[in-house]
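The chain contents come next:
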Amino acid sequence: MFKIQIVKPVETDEMTYDKKSHKFVLKLAVVNALDGRYKTETIAKRRLISISNAIYRYIYEHSNSHNKAFLEFYLNCTKEGQEIIRNAMYFQLLADLDSGYESIATQVNIDYSNGGIVSREQQKLNRICIDSESEINSATTPINVLYAGVFPQASKYATMTDRYERYDY
């Protein structure tokens, strides 16, 4: 049996927590520490939100949909989950600073295997970089966030109407 450390999703030096969307977002300080450059601070903030959305979307879309409420709790309210999110967003930010990876406009939308065009939905879903994907896939935490089955406790969190108030996330 494993134990996870439940914590409140609070602001750290590197991340801030958005209670409305139930997602962590990297802070501008991380961009500045990496000597990153975006044209304006507004563009940088939008890009950081986009990176957060892409990481969470990837996890939710590649795992069992019955686990979403539990995964939201695990990623935001445990030290282990917060570490997965932080590392994945950090790698995604590095890729974006290097090549504009986060921008859907800079991605090639040609499927070379069949000579067709990749749909915008598929392109959006696969928008995370290889390092972020590897971090999520190989995280050495007690719970595999991309587990295809249903977690035994997942239904408990899905039906718990007061989970946001109870765990303050």
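Residues numbered from 1 in each chain as written. Predicted model: local features only at pLDDT ≥ 70, side-chain atom pairs only at ≥ 80, totals over all residues. Heavy atoms only, no water.

This part covers the overall build of the protein. Along its length, the protein carries eight helices and four strands. Of the regular secondary structure in the protein, the N- to C-terminal order runs β-β-α-α-α-α-β-β-α-α-α-α. Each of the 169 residues in the protein was classed as buried or not, and the buried ones make up 43%. By sequence separation, contacts in the protein at least 24 residues apart represent 69% of the contacts at least 6 residues apart. Just so you have it, the protein exposes about 9,700 Å², and 50% of that area is on carbon and sulfur atoms. (Helix = DSSP H or I, 4+ residues; strand = E, 2+ residues; numbered from the N terminus. Buried < 20%, exposed > 50% of the residue type's maximum accessible area, 1.4 Å probe, protein only. Contact = heavy atoms within 4.5 Å. Areas by Shrake-Rupley, 256 points an atom, 1.4 Å probe, with all protein chains shown as cover.)

Turning our attention to the pairing of strand 2 (residues 23-26). Burial along strand 2 is two-sided: Lys-23 and Val-25 facing one way and Phe-24 and Leu-26 facing the other are all buried. Of the pairings in the sheet, the one linking strand 1 (residues 15-18) to strand 2 comprises four bridges and is antiparallel in character. When the sheet's bridge partners are listed, Asp-18 is paired in strand 2 with Lys-23. Between strand 1 and strand 2, which pair antiparallel in sequence order, lie four residues; one of them, His-22, sits at a positive phi of approximately 60 degrees. (Pairing = 2+ DSSP bridges.)

Turning to the nonpolar core, a few remarks are in order. Within the largest apolar cluster, 32 residues are counted, with the highest numbers of intra-cluster contacts made by Ile-59, Ile-136 and Val-145. For this core, the elements supplying multiple residues, two or more each, are strand 1, strand 2, helix 1 (28-33), helix 2 (41-62), helix 3 (68-77) and helix 4 (79-99). Here the element with the most residues in this core is helix 2; it accounts for nine residues. When residues no more than four places from it in sequence are discounted, the contact partners of Ile-136 are Ile-55, Tyr-58, Ile-59, Ile-84, Ala-88, Ile-128, Val-145 and Leu-146. (Core = buried A, V, L, I, M, F, W, Y, C linked by side-chain atoms within 4.5 Å.)

Among all positions in helix 6 (residues 130-137), only Ser-132, Glu-135 and Ile-136 are buried. Viewed end-on, helix 6 has its buried residues packed into an arc of 95 degrees, placing them on one side of the element. Considering only its buried residues, helix 6 is in contact with helix 2 and helix 4. (Arc of directions from axis to C-beta.)

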